[in-house]
Amino acid sequence: MLLRPWEADDAPVLQRAFQDRTIRRRHVHHVTSPDEAQEWITATHRSWQREQDAQWAITPADDREILGRVALRRMNLVHGVAECAYWVLPHARGAGVAPRARPGAGCPLRCDL
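Residues numbered from 1 in each chain as written. Predicted model: local features only at pLDDT ≥ 70, side-chain atom pairs only at ≥ 80, totals over all residues. Heavy atoms only, no water.

A. Molecular detail of the overall build of the chain. From N to C terminus, the chain includes four helices and four strands. Going residue by residue from the N terminus, the α and β elements of the chain occur as β-α-α-α-β-β-β-α. Across the 113 residues that make up the chain, the buried fraction comes to 37%. Taking as baseline every contact in the chain between residues at least 6 positions apart, the subset at least 24 positions apart corresponds to 49%. Carbon together with sulfur atoms contributes 51% to the accessible area of the chain, which is approximately 7000 Å² in total. (Helix = DSSP H or I, 4+ residues; strand = E, 2+ residues; numbered from the N terminus. Buried < 20%, exposed > 50% of the residue type's maximum accessible area, 1.4 Å probe, protein only. Contact = heavy atoms within 4.5 Å. Areas by Shrake-Rupley, 256 points an atom, 1.4 Å probe, with all protein chains shown as cover.)

B. Quick look at the pattern of salt bridges. Inspection of every chain in the model, using the stated rule, returns seven salt bridges. We note a salt bridge from glutamate 39 to arginine 46, for which the minimum N-O separation is 2.8 Å. Using a relative accessible area of 40% as the deciding quantity, one classes glutamate 39 as partly exposed. Here glutamate 83 makes a salt bridge to arginine 74, at a shortest N to O gap of 2.6 Å. Under the relative-accessibility criterion, arginine 74 is labelled exposed at 55%. One connected set of salt bridges, linked through shared partners, spans Arg4, Glu7, Asp10 and Arg64. (Salt bridge = Lys/Arg side-chain N within 4 Å of Asp/Glu carboxyl O.)

C. Main features of the layout of surface pockets. Within this model, the largest pocket holds a volume of roughly 760 Å³. Surrounding the largest pocket, 33 residues form its lining, His27, Arg69, Arg73, Ala85 and Trp87 being those nearest its centre. For the lining of the largest pocket, the secondary structure elements donating two or more residues are helix 2 (21-25), helix 3 (34-49), strand 3 (68-76), strand 4 (81-88) and helix 4 (97-101). Per-class residue counts for the lining of the largest pocket are 16 nonpolar, eight polar and nine charged. (1 Å grid on protein atoms, 1.4 Å probe; cavity = no way out; pocket = protein on both sides within 12 Å on 5 of 7 lines; lining within 4 Å. Points joined across faces, edges and corners; volume = space filled by probe spheres on them. Nonpolar A, V, L, I, M, F, W, Y, C, P; charged D, E, K, R; others polar.)

D. Representation of the sheet that holds strand 1 (residues 2-5) within the structure. An order of 1-2-3-4 is seen for the four strands of this open sheet, with the pairing classed as antiparallel. Sheet topology places strand 1 and strand 4 at the edges, where each strand pairs with a single neighbour. Sheet twist, expressed as the average angle between the axes of neighbouring strands with direction ignored, equals 30°. Alignment of strand 1 against strand 2 (residues 54-59), held across four bridges, turns out to be antiparallel. Following the sheet pairing, proline 5 is matched in strand 2 by tryptophan 56. (Pairing = 2+ DSSP bridges. Axes fitted to C-alpha atoms, helices over the stretch in contact; angles between N-to-C directions.)

E. How the structure looks around the packing of aromatic side chains. If you walk through the whole model with that rule in mind, you get four aromatic pairs. Seen in terms of ring centroids, tryptophan 6 and tryptophan 87 are 6.2 Å apart; in terms of plane orientation they differ by 50°. Their pairing is tilted. Residue tryptophan 6 is found in the loop between strand 1 and helix 1 (11-17), and its partner tryptophan 87 is found in strand 4; the two are separated by 81 residues along the sequence. When sorted by exposure, tryptophan 6 lands in the same class as tryptophan 87, which is buried. With centroids separated by 6.4 Å and ring planes inclined at 70°, the aromatic side chains of tryptophan 48 and tryptophan 56 adopt a geometry described as edge-to-face. Residue class for tryptophan 48 comes out exposed when judged on its relative accessible area of 52%. Exposure remark for tryptophan 56: the relative accessible area of 17% places this residue in the buried category. Here the aromatic residues Trp6, Phe18, Trp40 and Trp87 are joined through ring pairs into a cluster of three or more. (Phe/Tyr/Trp six-rings, centres within 6.5 Å; stacked < 30°, edge-to-face > 60°.)

So this is what it looks like as structure tokens:
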């Protein structure tokens, strides 16, 4: 698995992801248009620069196909804590994507759906 920053070209995949009922049910924020997808991607970069959140697209190591998303939210770098959030696209569910992509897989990091 490879974790990479979201890119502008990922907007269509992101918009489709939020059409999935499982993903929509677990998120307060929804992406319903190409403009919202672009803004979401831009916001992920701003949050990274402010050291508040980190969000990555999950891809196979040898491919750019997006399998899902993993994020460290509400980061507190002073205390070394963050919330972990993720989703996996329907076509990649059941293949162990989320556990393998989790940041700090060797660390005591709690990830909740």
